[in-house]
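Each chain, letter by letter, is given below.
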Amino acid sequence: MSIRGANLLTLDGMSREAILDVLDTAESFFEVNQRTIKKVPVLKGRVVASLFFEESTRTRLSFETAAKRLGADVVSLAVASSSVKKGESLRDTISTIDALGLDAVVLRHRSSGAALQVSRYVPHVRVVNAGDGQHQHPTQGLLDAFTVRQILAERHGVVASVSGSSLFEGLRVLIVGDIRHSRVARSDIAAYSALGAEVKVAAPGTLLPPSLEGWPVTVSSDFEEALAWADVVGLLRLQHERGTGSYVPSLSEFTSTFGLTATRVPLLKPDAIVMHPGPMNRGVEIDSDVADLPQSVITRQVANGVPVRMAVLYLSLAEKKEL
Amino acid sequence: MNLVIRGGTIVGPDTVFRADIRIESGVIVAVGEALSTANATIIDASGCWVGPAFVDIHTHLREPGREAAETIASGALAAAMGGFSAVVAMPNTEPALDNVPLVSYVLAQGAKTAIDVAVAGAITLGRKGESLAPLAELAALGVRLFTDDGTGVQNPLVMRRALEYAAPLGLRLAQHCEDEQLANGGVMNEGVLSAQLGLAGRSAVAEELMVQRDIALVRLTGGRVHFLHLSTATSLAMVTAARLEGLDVTCEVAPHHFVLSEEACRTFDPQFKVHPPLRPEADRAALHAALSTGAIDAVATDHAPHTPELKDLAFDEAPAGMLGLEHVAALTNEALGANPVAFFNLLSRGPARIAQLRASDARVGLSAHGGVIMVGEDANVVVFDPSQTWVGDRNALHSKATNTPYHGRPLVGRVRSTIVKGRLVVHEGVLQ
């Protein structure tokens with residue numbers, strides 16, 4: 001199940017080979033991004049629409065930069081701030097944009113499943129899910145795996161693109177925080193486990209999904225023990241602006257029980273990798289000082305977003321089968 | 001118009017037998033072998049079941065307020081095509097059916113259609129769950145069922161008062177069982193699949209708690225409750241136990257809950273969004289198995305038309321509900337297998353008893369439904385071919401809306417003729 005010529009809607013059920021295909025392709029685009037001239041016009045003449053029905057800065061910029069570096073024309077619509085409001089038919093909006101003659105849609109939507117719905121409305125267009133509700137954020141999962149593999153490859157002095165999934169064997173990944181409402185958690189868990197890592201989650205009972213049956217994870221019973229266990233610690237944004245605050249007694253109690261505070265940093269392995277998909281709530285899920293420690297690779301995640309999204313757009317579009 | 005239904009299998013409450021039927025002036029005038037066809041339109045019923053036309057006690061006709069989705073007239077056409085001679089219009093219109101003028105309006109519009117349209121009144125004013133609607137005044141118009149459907153009556157004290165008030169009037173309260181606080185705005189069944197799909201769940205417990213609460217309130221007050229669209233095995237078990245205890249409770253199941261499971265939500269297609277939600281396969285199978293045991297009084301459609309633009313929203317934003325009138329007979333037939341007695345008990349006799357639309361009930365302006373095929377009965381009769389195969393098609397519906405989850409689904413069994421008050425409304429599968 002490769003993404004070549006296909007939509008990227010979810011990482012759930014994606015094979016190790018398909019994920020490695022993206023990561024390896026992203027490695028070559030990573031090289032391109034180190035050059036002075038960062039363009040490879042493999043998508044010249046193609047039209048990519050970036051449709052963000054929900055506020056986003058980094059994901060939208062990252063996708064649009066990726067598309068432009070591949071030579072595509074980018075039609076950008078920040079729907080969250082345009083006239084399109086909750087209640088407008090998703091089908092109508094997509095049909096309007098599609099009339100411009102699209103090859104691909106990068107879609108961010110507040111509703112789970114929106115990307116799959118859009119893929120049914122415009123079957124001739126490749127759809128890349130840039131985050132749908134609480135369901136999936138596939139490119140975030142891919143760029144997190146890419147970042148981890150790159151760091152481990154540097155440490156081991158191996159070439160990431162020839163290492164396959166070997167660096168994930170036995171790797172211990174801890175994902176902390178609002179698993180229940182997090183599309184990043186769902187995509188990260190799918191990516192890491194497909195690549196062979198062992199995944200543990202830590203969260204207050206209210207922020208775990210109503211069922212974890214079938215999820216390739218174990219639940220930590222002791223957060224601090226889990227911190228000492230982990231090679232990779234992935235923090236999640238506590239989305240208290242969406243009312244998830246009512247799931248915990250207070251933000252300060254969340255921080256004192258599940259925050260990566262300065263006092264907990266000594267528990268971490270010295271070479272542990274600390275990640276966060278952003279935007280961070282400094283002082284809630286992560287202490288401000290901790291976010292700026294060398295173990296923290298948050299800006300590297302942002303930087304890697306571009307080559308990974310270049311790979312996704314390239315694979316999805318460059319080998320698009322003519323319909 | 002004189003009609004002779006020839007060569008069919010007459011389905012009674014317990015048995016079946018071969019006979020012809022002659023209908024004159026809206027009444028069955030003869031039942032027997034080789035009846036005279038003089039001056040009569042002949043309906044060939046060979047290979048078909050002939051029984052009392054169906055009664056739907058859970059139909060959302062949307063008028064007044066949302067006529068773009070359905071009107072009383074269009075809903076009646078869909079009902080006739082589905083084999084129904086009577087439907088009970090649910091009160092969650094805009095505004096709600098909570099007063100005499102509005103209920104009178106719906107009854108008057110219903111009287112212009114080819115079928116009988118009864119009305120379920122709101123239990124509380126505006127369906128707000130706070131103060132009682134004028135139940136006695138509405139009862140005088142012939143309203144026998146009351147419900148705040150769309151939601152249940154959340155406040156247990158209000159429900160208690162409603163039961164106490166309704167009981168001596170001989171009225172039954174129909175409850176949409178879901179505790180909205182516990183359901184918490186969820187959009188599909190809560191469980192393994194909702195967690196995977198990132199969709200907010202509606203817990204089965206939200207339904208079961210209210211079923212349990214209302215059984216306790218019936219025990220306390222001696223009132224009568226009809227449980228709308230039960231969707232879990234546990235809910236049904238509680239109602240069965242309450243019935244054995246001697247409480248006056250009845251229940252219905254909607255076709256989607258014994259045909260579809262929550263797996264359909266994997267597609268994120270809002271056609272599969274409904275409240276209570278589609279449940280896991282184990283619940284679907286339990287309801288399916290219970291259809292033929294007598295534990296379920298009625299199959300009721302919860303026919304819920306919505307305009308295409310609303311069903312084209314994202315799953316969590318789209319309204320809940322799906323069409324049912326034109327497919328329910330086929331779906332029930334398929335689920336039951338060759339069981340004509342249970343088929344007519346679930347689609348006609350059971351619902352007519354709950355809605356108090358039988359010959360022995362005190363009806364106002366409506367004919368008798370859900371009876372037996374015998375001389376002197378009002379001629380509300382359906383001819384159903386249990387073996388005809390066809391395919392669900394949203395473009396071939398008579399409803400104004402097209403939100404059916406059965407588009408493209410092979411169906412077994414089809415209504416050939418619907419006769420309402422002696423009038424041939426559907427003949428050879430075509431609206432007359």
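What counts as what
- Every chain's residues receive numbers from 1 upward, in the order its sequence appears when written.
- Just so you know, chain letters begin at A and ligand numbers begin at 1, following the order they were written in.
- Residue-level local features of this predicted model are given only where pLDDT is at least 70; pairs of side-chain atoms are given and counted only at 80 or more, and the full residue set underlies all totals for whole chains, interfaces and linings.
- To get the side-chain values, all heavy atoms of the structure are used, and hydrogens and water are removed first.
- In this description a helix means any DSSP run of H or I spanning at least four residues, a strand means any run of E spanning at least two, and both kinds are numbered starting from the N terminus.
- Atoms counted for the radius of gyration: C-alpha only. Globule rule: 2.2 Å times residue count to the power 0.38.
- Partly exposed residues are those whose accessible area sits between 20% and 50% of the maximum for their type, while under 20% is buried and over 50% is exposed, using a 1.4 Å probe and protein chains only.
- Put simply, a nonpolar core is a bunch of buried Ala, Val, Leu, Ile, Met, Phe, Trp, Tyr and Cys residues held in one set by side-chain atoms that sit within 4.5 Å of each other.
- Strands are labelled as partners when DSSP assigns at least two bridges between them.
- Convention adopted: a line fitted to C-alpha atoms gives each axis, helices being fitted over their contacting stretch, and angles between N-to-C directions are expressed from 0 to 180 degrees.
- What sets the label is the angle itself: under 35 degrees gives roughly parallel, over 145 gives roughly antiparallel, 65 to 115 gives roughly perpendicular, and the rest give oblique.
- Crossing handedness: left-handed means the near helix sits turned counterclockwise from the far one by under a right angle, and right-handed means the same turn made clockwise.
- The contact criterion used is simple: two residues touch if any of their non-hydrogen atoms lie within 4.5 Å.
- Note on definitions: salt bridges are taken to be side-chain nitrogens of Lys or Arg within 4 Å of carboxyl oxygens of Asp or Glu.
- In this description, one arc is meant: the one made by directions from the helix axis to the C-beta atoms.
- Counted as a polar contact is a pair of N or O atoms within 3.5 Å, where, for protein atoms, one must be capable of donating a hydrogen and the other of accepting one, and residues adjacent in sequence contribute only when both atoms are in side chains.
- Note that the domain bounds reflect an automated or database-derived domain assignment.
- By definition, the buried area sums, over both parts, the 1.4 Å-probe accessible area that each loses when the two are put together.
- Three classes are used, and their members are as follows: Ala, Val, Leu, Ile, Met, Phe, Trp, Tyr, Cys and Pro are nonpolar, Asp, Glu, Lys and Arg are charged, and the others, Gly among them, are polar.

**Q** Please clarify how the overall build of chain B should be interpreted in this entry.
**A** In terms of regular secondary structure, chain B is built from 13 helices and 19 strands. A compact globule built from 432 residues would reach a C-alpha radius of gyration of about 22 Å, and chain B, at 20 Å, matches this within 12%. Projected onto its principal axes, the C-alpha coordinates of chain B cover approximately 65 × 45 × 40 Å. Within chain B, the fraction of its 432 residues that count as buried is 62%.

**Q** Honestly, unusual backbone geometry in this entry has me stumped. Any pointers?
**A** Most peptide bonds adopt trans geometry, and most residues besides glycine take a negative phi value. For the peptide bond that leads from Gly278(A) to Pro279(A), omega is -10°, which places it in the cis range. Within the fold, Pro279(A) resides in the loop between β9 (273-275) and α10 (288-291). The step from Glu94(B) to Pro95(B) runs through a cis peptide bond, and the omega angle for that step is 0°. Tracing the chain through its elements places Pro95(B) in the loop between β7 (84-89) and α2 (100-111). Located in the positive-phi region is Ala34(B), a residue other than glycine, with phi close to 45°. Structurally, Ala34(B) is set in the loop between β3 (27-32) and β4 (41-44). By relative accessible area, Ala34(B) is classed as exposed at 71%.

**Q** For this particular structure, what's the right way to read the nonpolar core?
**A** Most often, soluble globular proteins have nonpolar side chains that are buried together. Residues Leu174(A), Ile175(A), Ile179(A), Tyr192(A) and Leu313(A) are the most contacted members of the largest nonpolar core, which totals 95 residues. Judged by nonpolar contacts, the second largest core, of 89 residues, contains Ala79(B), Ala89(B), Ala242(B) and Val249(B).

**Q** Got a minute to help me understand the pairing of strand β5 (residues 49-52) of chain B in this structure?
**A** All names here are of chain B. Bridge count for strand β1 (residues 3-11) against β5 is two bridges, and the pairing is parallel. Bridging across to β5, Thr 9 finds its partner in Trp 49. Where β5 meets strand β16 (residues 381-391), four bridges bridge the pair, whose relative direction is antiparallel. In the sheet register, Trp 49 faces β16, and the bridge partner there is Phe 384.

**Q** Sorry, what's going on with the packing of helix α1 (residues 16-34) of chain A against helix α11 (residues 298-318) of chain A here?
**A** What describes two packed helices is the angle between their axes and the distance between those same axes. Residue and element names in this part refer to chain A. Where α1 meets α11, the closest approach of the two axes is 8 Å, and the angle between their N-to-C directions is 120°. Here α11 runs oblique to α1, going by the angle between their axes. In the crossing of α1 with α11, the sense of the turn from one axis to the other is right-handed. In this structure, α1 uses Asp 21, Val 22, Thr 25, Ala 26, Phe 29, Phe 30 and Asn 33 to contact α11, whose residues at the interface are Asn 304, Val 306, Pro 307, Val 308, Met 310, Ala 311, Val 312, Tyr 314 and Leu 315.

**Q** I tried to follow the pattern of salt bridges on my own but got confused; where do I start?
**A** Close approach of charged atoms allows side chains with opposite charge to pair. If you walk through the whole model with that rule in mind, you get 31 salt bridges over all chains. Residues Arg202(B) and Glu180(B) are paired through a salt bridge, measuring 3.4 Å at the closest nitrogen-oxygen approach. Residue Arg202(B) is located in strand β12 (residues 201-202), and its partner Glu180(B) is located in helix α5 (residues 180-183); the two are separated by 22 residues in the primary sequence. A relative accessible area of 2% places Arg202(B) in the buried class. The network of salt bridges with shared partners includes Glu54(A), Arg108(A) and Arg183(A).

**Q** Please explain helix α4 (residues 156-166) of chain B as it appears in this structure.
**A** Along an α-helix, a turn takes 3.6 residues, which lines up residues three or four apart on a common side. Residue and element names in this part refer to chain B. Taken residue by residue, α4 has Val 158, Met 159, Ala 162, Leu 163 and Ala 166 as its buried positions. When α4 is viewed along its axis, its buried side chains cluster within an angular range of 135° and face the same direction. Against the buried residues of α4 lie α3 (135-140), β10 (172-175), α7 (204-221) and β13 (225-227). The backbone nitrogen of Leu 157 has a side-chain oxygen 2.8 Å away, supplied by the residue at the start of α4, namely Asn 155.

**Q** I keep staring at the domain arrangement of chain B and nothing clicks. Help me out?
**A** Many descriptions give the size of an interface as the accessible area lost when the pieces come together. All names here are of chain B. Here chain B is partitioned into domain 1 (3-49 + 374-431) and domain 2 (53-354). Using C-alpha coordinates to define each centre, domain 1 is positioned 26 Å away from domain 2. Carbon and sulfur atoms make up 63% of the area that domain 1 and domain 2 hide from each other, which totals about 3600 Å². Area buried by domain 1 at its contact with domain 2 is led by Trp 49, Asn 403 and Tyr 406, which between them contribute 20% of it. As a salt-bridge pair, Lys 421 and Asp 116 come within 2.9 Å of each other at their nearest N and O atoms. Summed over the shared surface of domain 1 and domain 2, the result is 20 residue pairs in polar contact (both at pLDDT 80 or more). Those elements that provide at least two residues to the side of domain 1 that touches domain 2 are β16, β17 (410-420), β18 (423-427) and β19 (430-431). The greatest single-element share of the side of domain 1 that touches domain 2, amounting to eight residues, is contributed by β17. Residues of the side of domain 1 that touches domain 2, tallied by class, amount to 24 nonpolar, 12 polar and six charged.

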